[in-house]
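What follows is each chain in one-letter form.
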Amino acid sequence: MAGTRVCVSDFELEASKVLPKSVYDYYRSGAEEQHTLADNVAAFNRWCLVPRVLRDVSSVDMRVSVLGQSVNMPICVAATAMQRMAHPEGETATARACRAVGTGMMLSSWATSSIEEVMSAMTESPGGGSVLWLQLYIYKDRELTLSLVRRAEEAGYKAVFVTVDTPYLGRRLDDMRNQFKLPSHLRMSNFSTDSLAFSEGNYGNDSGLAVYVAKAIDPTLCWDDITWLKKHTHLPVIVKGILNGEDAVQAVNYGVDGILVSNHGARQLDGVPATLDVLEEVVGAVQGRCDVFMDGGVRRGTDVLKALALGAKAVFIGRPVLWGLACQGEQGVIELLELLKEELRLAMALAGCRSVSDVSRSLVRRREEFRSRM
């Protein structure tokens, strides 16, 4: 085992040494010149925390309700595809880790473990306060799409996060150079045919995943399809990929149950804003009509605290979970989640917050506000 891992970057450094280059590149990289990839992380440094003192923070309660389900902290696991490239147990190990820590996990449609396998792994593990949600792509084959939703309903998933920012795959240069495809022993486990399971073998000189998306995912997706999806499921529907107030208002007008402010880990359109920079606009636009969540660039507990102060109900983390999984499987993910949980507990205590309900907008100010006073 490597030396003591004391922050998320320690996990990434170790993961970069054990993962095959094409896999690490796939997980790590963003679109084109990766400006937004860097900005997702940098955005948190544009905000300062303004703590309150003498608040008796001997006990800090981090529990929150996410879409009606209680979890032990406002840090949940985002959908990341093809996790068995990081560890042989993949998504099932991540699910068991979420169960152990007591938080929620969003399963990718493109998982290398099936909807049913992941639910079994979570429910058969010790722990509590955990919940599973399905991330959904809308396929050209709408009956196939609905079959995924039905399977999630039957297995006990509690919500559907529909991705709305991927009519085509973003231009990811490392994947193009590597002609990325799944290792031959793996497949997307929720599909039966080689074509849909991303296991055909030959995708030419391009990123195999870009070829897959162009063939399978529906680029005609529009707002009426949110109505269509809600008509076919009793589960809450959350739109994943909103980056402005106008789309947020449209989303609540179409009856969504939540919004995930996301730029797809900066993997789609390079040059879009960091998610933290648009979070407050989205929260203000929906005016409390639905919960707002955020992903992108969260690497430390203070990042989580800043997002909560700007109105996020909870945050979702993606790449850090993959680094934990690559380092040590289930135990690595537990360690990673416990690290972030403890960082958040300490940040809340030092900021004078005894519970998540104590976190308010007054806790953060833009760094430039302090510069302007000098």
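**Q** Explain the packing of aromatic side chains residue by residue, including any values.
**A** Following the criterion strictly, the structure yields 15 aromatic pairs and no others. One aromatic cluster is present, formed by Tyr26, Tyr27, Trp110, Tyr137, Tyr139, Phe180, Phe191, Phe198, Tyr203 and Tyr212 through successive ring pairs. The aromatic ring of Trp228 is capped on one face by Arg142, whose charged end is 4.7 Å from the ring centroid. The ring of Tyr26 carries Arg267 above its face, with NZ or CZ at 4.7 Å from the centroid.

**Q** Would you mind going over helix α6 (residues 142-155) in detail, with residue names and values included?
**A** With 14 residues, α6 extends 20 Å from end C-alpha to end C-alpha; this agrees with the ideal 20 Å at 1.5 Å per step. Of the residues making up α6, those classed as buried are Leu144, Thr145, Leu146, Leu148, Val149 and Ala152. Residues of α6 that are buried make contact with α5 (115-123), β6 (131-136), β7 (160-163) and α9 (223-231). Two or three places before Glu143, at the opening of α6, Asp141 has a side-chain oxygen 3.2 Å from that residue's backbone nitrogen.

**Q** Explain the pairing of strand β9 (residues 258-261) to me, and be specific about the residues and the numbers.
**A** Put simply, side chains in a regular strand alternate between the two faces of the sheet. Side chains of β9 alternate between two faces, with Gly258 and Leu260 and Ile259 and Val261 buried alike. Pairing geometry for strand β8 (residues 237-242) and β9, over 4 bridges, is parallel. Opposite Ile238, over in β9, you have Gly258 as the bridge partner. Taken together, β8, helix α10 (residues 245-253) and β9 form a β-α-β motif whose crossover is right-handed. Note: β9 against strand β10 (residues 291-295), 4 bridges, orientation parallel. When the sheet's bridge partners are listed, Ile259 is paired in β10 with Val292. Handedness of the crossover joining β9 and β10 through helix α11 (residues 275-286): right-handed.

**Q** How would you explain the side chain of Arg267 if you had to name every residue and give the values?
**A** Here Arg267 shows up in the loop between β9 and α11. The side chain of Arg267 is buried and forms no salt bridge, while Asp175, the nearest opposite charge, is found at 4.8 Å. Polar contacts involving the side chain of Arg267 include one to the main-chain carbonyl oxygen of Tyr26, which spans 2.7 Å. Of note is the side chain of Arg267, whose polar atom sits 2.9 Å from the backbone oxygen of Ser29. Residues within four places of Arg267 in sequence aside, it is in contact with Tyr26, Tyr27, Ser29, Gly30, Ala31, Gly170, Arg172 and Arg319.

How each quantity is defined
Residues numbered from 1 in each chain as written. Predicted model: local features only at pLDDT ≥ 70, side-chain atom pairs only at ≥ 80, totals over all residues. Heavy atoms only, no water. Phe/Tyr/Trp six-rings, centres within 6.5 Å; stacked < 30°, edge-to-face > 60°. Lys NZ or Arg CZ within 6 Å of the ring centre and 35° of its normal. Helix = DSSP H or I, 4+ residues; strand = E, 2+ residues; numbered from the N terminus. Expected span 1.5 Å × (residues − 1). Buried < 20%, exposed > 50% of the residue type's maximum accessible area, 1.4 Å probe, protein only. Contact = heavy atoms within 4.5 Å. Polar contact = N/O pair within 3.5 Å; in protein donor to acceptor, adjacent residues only side chain to side chain. Pairing = 2+ DSSP bridges. Right-handed = clockwise from strand over helix to strand, strands pointing away. Lys, Arg positive; Asp, Glu negative; His and termini not counted. Salt bridge = Lys/Arg side-chain N within 4 Å of Asp/Glu carboxyl O.

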